[in-house]
Amino acid sequence: MSIGDSKDKDSVPSAESDVARYRQSKDDQAPYTVADDYSEDEQIPDRKLTWWQAAALLLTEYVFLGSLLRDFKHMAFVGLLASSTMFVCTLIVLCGHGVQGTPNGFAAGDIVTWTVWAPKGTTFVQGLNAVLNITYTWVGQALIPSFIGDMKNPEDFPKALYVSMAAEFCLFTITGAVVYSYAGTQFTTAPAYGTLIAKYGKVAAGFTLPTIIIVGILYSLVTSRAIFFQIFEEGSKHRLRHTMKGWMSWIAVVFVGWVISFIIGEAVVGVLGQPSFNKLSLSFFILQPFFNDLLSLISSLFDSWFGFIFWGAAWYELNKGKRLAGPHQIWENFLAGLMIITGFFFFGAGAYTSIQSIINSYATGAVKTPFTCVNSGFIFTR
């Protein structure tokens with residue numbers, strides 16, 4: 001049972017097919033042109049810069065300029081905006097699945113099936129990648145030191161953390177259960193609005209855009225600050241005041257960080273979609289199957305350390321000489337050791353499964369080449 005075999009047939013011609021046609025045309029002494037990809041009744045698309053492409057360029061500029069912030073005092077409002085738009089997106093996803101009837105990609109004769117266990121035939125690579133995706137959703141510990149360091153009352157952070165985790169648990173559990181019950185094993189996608197029909201899915205996709213931009217700015221801020229603070233020691237005037245050297249260094253760090261992110265996203269993982277935002281699919285960042293693979297790779301390489309190993313090692317460091325002082329300490333000792341073991345497992349085995357999944361996607365033709373302009377985003381069938 002499949003989502004629809006017609007998805008890839010209407011996609012942009014692959015690089016390999018272009019080369020084959022070009023070589024054939026050379027042999028026939030008839031040079032290949034773009035028009036060869038279209039029938040007489042089809043209109044050749046305009047290759048000039050469209051307003052969608054201009055919007056994409058402006059969006060890129062906005063994200064970069066937003067990343068030039070050097071502290072968190074401006075992030076409270078934009079953080080509220082990000083969480084609000086994502087909450088609206090979640091409501092659209094939940095309500096959309098309830099009213100649309102059948103999920104995106106559903107064809108006559110298909111049966112939506114689901115199970116509380118891993119579907120039959122699930123491989124180790126698929127199973128661990130699914131676990132890493134869940135881990136990525138929950139692990140935000142890498143940001144905690146930066147947040148606490150900028151708070152006026154750091155002792156208030158645990159309360160904010162408990163409220164946030166409780167809300168996430170309820171929201172993620174309800175959303176996952178509802179989507180999976182309506183979409184089943186065959187049609188469930190990540191992100192979840194890929195299982196919605198067009199009139200709901202496109203709207204939901206639009207509401208994710210502010211969140212993705214703001215979260216990108218936030219992670220850039222945390223990463224850039226960590227590097228910037230290594231360049232200038234504590235108490236340096238370049239940290240505390242607006243100096244030419246300080247700002248030039250900060251801009252360079254932010255720029256290099258985004259360039260590296262682009263290379264990882266587009267060349268290493270090969271996740272570039274339509275740069276023109278074709279059909280509002282927003283496929284330059286919302287992709288199948290590399291959306292999952294990218295999250296799994298990030299989770300294995302970074303969340304394994306910041307979410308597990310670092311905190312287990314920190315417990316051992318903070319409890320020197322009293323790790324076996326009583327039943328409570330013994331229990332925490334066991335948990336800290338388990339966290340470290342789990343982290344190393346995710347780092348080793350998780351990196352293997354993530355990379356193997358990317359290799360499999362290339363081998364099956366899901367992605368042809370890095371930096372491809374083929375639309376690999378969701379295709380709304382109705």
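Just so we're clear, the structure is a prediction, and the values are computed from it rather than from any experiment. (Residues numbered from 1 in each chain as written. Predicted model: local features only at pLDDT ≥ 70, side-chain atom pairs only at ≥ 80, totals over all residues. Heavy atoms only, no water.)

1. Observations regarding the overall build of the chain
Quick note on the threshold: Here a strand is any run of E in DSSP of at least two residues, a helix any run of H or I of at least four, and the numbering for each starts at the N terminus. Relative accessibility under 20% of the residue-type maximum defines a buried residue, over 50% an exposed one, and the middle range a partly exposed one, all with a 1.4 Å probe and only protein chains included. When checking whether two residues touch, look at their non-hydrogen atoms; a contact exists if any pair is within 4.5 Å. All accessible areas in this document rest on Shrake-Rupley with a 1.4 Å probe, and a residue is counted as covered only by the protein chains that are shown.
Along the backbone of the chain there are 11 helices and 0 strands. From first element to last, N terminus to C terminus, the chain shows the α and β order α-α-α-α-α-α-α-α-α-α-α. Going through the 382 residues of the chain one by one, you find that 34% of them count as buried. Sequence-distant contacts, at least 24 apart, represent 79% of the contacts inside the chain between residues at least 6 apart. For the chain, the exposed surface amounts to about 22700 Å²; the carbon and sulfur share of it is 68%.

2. Section: the environment of T123
Topologically, T123 is positioned in the loop between α3 (75-100) and α4 (124-138). Separated by 230 residues in the primary sequence, T123 and T353 place their C-alpha atoms 10.0 Å from one another.

3. Some words on the confidence of the model for the chain
For residues with low pLDDT, the predicted coordinates do not support detailed interpretation. Stated formally: Known as pLDDT, the predictor's per-residue confidence is scaled from 0 to 100.
Here the chain averages 75 in pLDDT, while 73% of its residues score no lower than 70. Here helix α1 (residues 15-27) stands out as the element of the chain with the lowest mean pLDDT, 47, in contrast to helix α11 (residues 327-363), whose mean of 90 is the highest. In the model, residues 269-289 has pLDDT below 50 throughout and makes 77 contacts with residues more than four positions away in sequence or in other chains.

4. Digging into the packing of aromatic side chains
For clarity, the cut-off: Working definition: a ring pair exists when centres of Phe, Tyr or Trp rings (six-membered ring for Trp) sit within 6.5 Å. Plane angles under 30 degrees give stacked, over 60 give edge-to-face, the rest tilted.
Applying the stated criterion to the full structure yields 12 aromatic pairs. Ring centres of W331 and F334 lie 5.7 Å apart, and the angle between their planes is 25 degrees; on these two criteria the pair is classed as stacked. Taken together, the positions of W331 and F334, both in helix α11 and 3 residues apart, correspond to about one turn of that helix. On the accessibility criterion, F334 (49% relative accessible area) is partly exposed.

5. Focus: the environment of S181
Just so we agree on the cut-off: Between N or O atoms, a polar contact is any pair within 3.5 Å; within protein, one atom must be a potential hydrogen donor and the other a potential acceptor, and residues adjacent in sequence are included only when both atoms are from side chains.
Of note, S181 is situated in helix α6 (residues 157-187). A residue is classified by how much of its surface remains accessible, and S181, at 35% relative accessible area, is partly exposed. On a C-alpha basis, the gap between S181 and V112 in space is 8.5 Å, while along the polypeptide they are 69 residues apart. Here S181 is in contact with V112 and W114, once residues within four sequence places are set aside. Of the polar contacts made by the side chain of S181, one reaches the backbone oxygen of V178; its length is 2.7 Å.

6. Notes on the pattern of salt bridges
For clarity, the threshold we go by: One side-chain nitrogen of Lys or Arg within 4 Å of one carboxyl oxygen of Asp or Glu is enough to make a salt bridge.
For the coordinates displayed, the defined rule picks out 2 salt bridges. Among the salt bridges present, the one from D156 reaches K159, with a minimum N-O distance of 3.3 Å. On the basis of relative accessibility, which here comes to 29%, the residue D156 falls in the partly exposed class. In this structure, E317 and K320 form a salt bridge, with 3.3 Å as the shortest nitrogen-oxygen distance.

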